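Given next are the chains, with one letter for each unit.
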Amino acid sequence: MLLRVCGLKKFFPFTGGVFGKGGVVKAVDGTSFEIANGETFALVGESGSGKTTTGLLTLGLLSPTAGGVYFEGDNIFKLNASEMRERRRRMQMVFQDPYGSLNPRMTVGKMLREVLSFHHVVEPDFVRERINELLKVVGLDSSYVRRYPHEFSGGERQRIGIARAISLEPRLIVADEPVSALDVSIRGQILNLLRELQEKLGLAYLFIAHDLAVVRYVSRRVGVMYLGRIVEEADTEEMFARPLHPYTRALLDSIPVPDPEIRNKRTMPAGEAPEDYEECPGCRFYSRCPRAERKCKEVEPELVAVEDNHLVACHMASN
Amino acid sequence: MGVWTYFRRNRLAIAGMGIVLLIFLMAAMCPLIVRYDPGDVRVDTKLIGPCGEHPLGTDHLGRDVLSRMLYGARISLSVGFVAVGISIAIGIFVGAIAGYYGRWIDAALMRFVDVMMCFPAFFLILTVIALLGPNIINVMIVIGITSWMGTARLVRAEFLSLKEREFVLATRSLGFTDRRIIFAHILPNALAPVIVSATLGVAGAILLEAGLSFLGFGVQPPSPSWGNILTEGRTYIFDAWWLTLFPGLAILITVLAFNLVGEGLRDALDPRLRGVRG
């Protein structure tokens, strides 16, 4: 396994002001998954489900409250600074916001040059050549090296971000909603680019999205997150064909169908994820679940395999 | 977008910049402009009013006031720039460290800033100069280390907001060292308000040096500086008005010009800061 994430937890403490009481936000609350070499694992969920936090933890950009991230066999939180720096070359990130993720005061060439020479990826004489090569790989013209980020469109910037990520020749890329900030017309191009690079370079992706339709296109395996925990995990096609968790079903039903004749049956109950779910001991989806029973309120369901490669955390799933 | 375009529209700022450049040129080329050495004592021509031979008159030792003023400009400008250079360097360093690392480092450094700001700077400087002896190097250093607090706060505020931006997270994911992230990535994006405060700081430093020299704690005679020309002329204020008027005007105009440039830059670089005192 290239990456193994085990029981990852991240709680953010907050203070309640002068009169309120403080507490913790359980952004990630016991997440586990694995990614093999060259494979894509997708995490989906609505905003606030902890998927971005999971991505940052996976790269060691946040330190966890509990749990471990094993990259190439080593727990990255046990590494010292220089070992971690070495590891960084093999795990990179593509960001959601192509407008915010590039330094506005640096030209594209300078940006890539800095990465290449800081990590001594290639000999100094070959840096220029490598930059041109990288730009070509992501579909940009090599004359762009002198330009600043604000001179590019969103899609082009995302390509620059991808070029920067692959410049270190990583094994794993965490792509945090890489297309959700882009025009719909551009999304396909970027997704294709990511797929191409995967084939060419043998990359593994942790692909974070809130859109199941996008996930279906890029990922063979998918985990659905709800309030900091994976509630269902299966191969993508299996998930689409036979969703077992009521939350997954609700997500699938919310994908727009391009046919006005088909009435979208909305199974998603009104409201948002509760903020005080920690108060009750049961299932975190209890308050919104159409199938909830007494047991669901009292006992938290574990993520268990109901079939081969299909895991779900729901008491009702097996019936 | 178009800092220069915006700056150019501000006529006062352009006038200020013209004056600053003019003063620079005159200070740089003073040996070509004046006919007399600033230290040239001629008792036979003492206290002559402005005339063709001495456009700004002569002082009580018969020295040419124009010549002394121009050489004094060199000193005033050097003090202004070196002192501000020191203060900006300290301010950037303290502000960047406090803003980037946050938590107790930030709290400790900012309380130190608060403490420094509590001292009445001018009297602190007087004390230090009295202890270390008045010479131009000491003046520069002391002005520098008593005026960095504003810059530190500005830089810290910029860092607090910039460090949350995704491109900073990106540099961390690339494995760069903190030093590289702070100085190569965040700092260039935080420089606009620093440039403004530096320009305004030059004006403040020139004024401070003039004040110190006036009290005899700054540049020591016979070296000319606007402050000590003023203080030497004070005795003759009723007989030789030119000895006090011209250095006074020079200080006024220079400080005003730097302030105009600084405020113009502030408006041009950052519309958010418009109308805020530096």
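Note that the coordinates shown come from a computational prediction; the quantities given were computed from them, not determined experimentally.

S.K.: Even after reading the chapter, I still don't get the overall build of chain A, so can you show me in this structure?
M.R.: Summing up its helical and strand segments, chain A has ten helices and twelve strands in all. Expressed along its principal axes, the backbone C-alpha trace of chain A runs to roughly 70 × 50 × 45 Å. Among the 319 residues that make up chain A, the fraction classed as buried is 38%. If you take every contact in chain A between residues at least 6 apart in sequence, the share linking residues at least 24 apart comes to 63%.

S.K.: In this structure, what is going on with the overall build of chain B? I would like to understand it.
M.R.: Scanning chain B from N- to C-terminus turns up twelve helices and zero strands. With 278 residues in all, chain B has 45% of them scored as buried.

S.K.: When you look at the pairing of strand β11 (residues 304-307) of chain A in this model, what are you seeing that I'm missing?
M.R.: In regular strands, side chains alternate between the two faces of the sheet. Residue and element names in this part refer to chain A. Relative to strand β12 (residues 310-312), β11 runs antiparallel, the two being bridged by three bridges. Bridging across to β12, V304 finds its partner in V312. Remark: two residues form the turn of the hairpin made by β11 and β12, two consecutive strands paired antiparallel; N309 in that turn has positive phi of roughly 60°.

S.K.: Can you walk me through the interface of chain A and chain B in this structure?
M.R.: Frequently, the measure chosen for interface size is the accessible area that the parts lose on association. In this assembly, 18 residues from chain A lie in contact with 13 residues from chain B. Of all the secondary structure elements, the ones that give two or more residues to the side of chain A that touches chain B are α2 (81-88), β6 (91-94) and α3 (108-118) of chain A. Here the residues of the side of chain A that touches chain B are counted per class, giving eight nonpolar, five polar and five charged.

S.K.: Would you explain the sheet that holds strand β8 (residues 204-209) of chain A in this entry?
M.R.: Pairing between the strands of a sheet is mediated by backbone hydrogen bonds and can be parallel or antiparallel. Residues and elements named next belong to chain A. On the basis of which strands lie adjacent, the open sheet formed by eight strands has the order β6-β7-β8-β3-β9-β10-β12-β11 and mixed pairing. The open sheet has two free edges, formed respectively by β6 and β11, since each of these has just one partner strand. In this sheet, adjacent strand axes meet at a mean angle of 25° when their direction is disregarded. Where β6 lies against strand β7 (residues 172-176), four bridges are found, and the strand directions are parallel. By the bridge assignment, V94 is partnered in β7 with A175. Packed on one face of the sheet, helix α9 (residues 246-253) meets β3 (40-44), β9 (221-226) and β10 (229-235) and runs near 105° to β9.

S.K.: Looking at this structure, how should I read the packing of α3(A) against helix α4 (residues 127-137) of chain A?
M.R.: Two quantities define a packed helix pair, namely the angle between the helix axes and the distance between the axes. Residues and elements named next belong to chain A. For the pair α3 and α4, interaxial distance at closest approach is 10 Å and the crossing angle is 120°. As far as their axial angle goes, α4 and α3 are oblique. As for the relative orientation of α3 and α4, their crossing is right-handed in sense. Every residue of α4 that contacts α3 at G109, L112, R113, L116 and S117 is listed here: V127, R130, I131 and L134. Looking at the contact of α3 with α4, its residues break down into five nonpolar, two polar and two charged.

S.K.: Explanation requested: the confidence of the model for chain B in the structure shown.
M.R.: Do not read the predicted coordinates in detail wherever pLDDT is low. Residues and elements named next belong to chain B. Mean pLDDT over chain B: 86, with 96% of residues reaching 70 or higher. Every residue in residues 274-278 is under pLDDT 50, and counting partners more than four places away or in other chains gives six contacts. In the predicted assembly, ipTM is 0.81 and pTM is 0.81.

S.K.: Explain the sheet that holds strand β4 (residues 66-71) of chain A to me, please; I cannot follow it from the model alone.
M.R.: Residues and elements named next belong to chain A. If you trace the four strands from one edge of the open sheet to the other, you get β2-β1-β4-β5, paired in antiparallel fashion. This sheet does not close on itself; its edge strands, each paired only once, are β2 (23-35) and β5 (74-75). Looking at chain direction, strand β1 (residues 3-14) and β2 are connected through ten bridges and run antiparallel. Opposite F14, over in β2, you have G23 as the bridge partner.

S.K.: What am I meant to see in unusual backbone geometry here?
M.R.: Peptide bonds are trans in most cases, and residues, glycine excluded, mostly fall at negative phi. All names here are of chain A. One non-glycine residue, E177, lies in positive phi territory at about 45°. Within the fold, E177 resides in the loop between β7 and α6 (184-201). We classify E177 as buried; it has 21 C-beta atoms within 10 Å.

S.K.: Help me understand helix α9 (residues 166-173) of chain B in this model?
M.R.: It helps to recall that an α-helix has 3.6 residues per turn; residues three or four apart then point in one direction. If you check which residues of α9(B) are buried, you get F167(B), V168(B), A170(B), T171(B) and S173(B). Those residues of α9(B) hidden inside the fold are in contact with α2 and β6 of chain A together with α8 (149-162) and α10 (178-214) of chain B. Following α9(B) by one or two positions, G175(B) adopts a phi angle in the positive range, close to 80°.

S.K.: Please explain helix α11 (residues 226-233) of chain B as it appears in this structure.
M.R.: All names here are of chain B. Counting buried residues along α11, eight of its eight residues qualify, which places the element largely inside the surrounding structure. Buried residues of α11: W226, G227, N228, I229, L230, T231, E232 and G233, and no others. In the core, the buried residues of α11 are packed alongside α4 (65-101), α10 and α12 (242-269).

S.K.: Please explain the environment of A181(A) as it appears in this structure.
M.R.: All names here are of chain A. For A181, the position within the fold is in the loop between β7 and α6. A residue is classified by how many C-beta atoms lie within 10 Å of it, and A181, with 18 of them, is partly exposed. C-alpha separation for the pair A181 and E199, spaced 18 residues apart in sequence, amounts to 25 Å. For A181, the residues in contact, after removing those within four places along its chain, are Q96, D97, P98 and G154.

S.K.: Teacher, can you tell me more about the environment of I141(B) here?
M.R.: Residues and elements named next belong to chain B. Tracing the backbone through its elements, the reader meets I141 in helix α7 (residues 136-145). A residue is classified by how many C-beta atoms lie within 10 Å of it, and I141, with 15 of them, is partly exposed. Measuring from C-alpha to C-alpha, the distance between I141 and A240 comes to 34 Å, with 99 residues separating the pair along the chain.

S.K.: Would you mind showing me how to read the environment of T45(B) here?
M.R.: Residue and element names in this part refer to chain B. Among the secondary structure elements, T45 is positioned in the loop between α3 (30-33) and α4. The spatial distance from the C-alpha of T45 to the C-alpha of P188 is 55 Å, given a sequence separation of 143 residues. When residues no more than four places from it in sequence are discounted, the contact partners of T45 are T58 and G62.

What counts, and where the lines are drawn
- Residues numbered from 1 in each chain as written.
- Chains lettered and ligands numbered in written order.
- Predicted model: local features only at pLDDT ≥ 70, side-chain atom pairs only at ≥ 80, totals over all residues.
- Helix = DSSP H or I, 4+ residues; strand = E, 2+ residues; numbered from the N terminus.
- Buried ≥ 20, exposed ≤ 12 C-beta atoms within 10 Å, placed from the backbone.
- Contact = placed C-beta atoms within 7 Å.
- Pairing = 2+ DSSP bridges.
- Nonpolar A, V, L, I, M, F, W, Y, C, P; charged D, E, K, R; others polar.
- Axes fitted to C-alpha atoms, helices over the stretch in contact; angles between N-to-C directions.
- Parallel < 35°, antiparallel > 145°, perpendicular 65-115°, else oblique.
- Left-handed = near helix turned anticlockwise from the far one by under 90°.
- pLDDT = per-residue confidence, 0-100.

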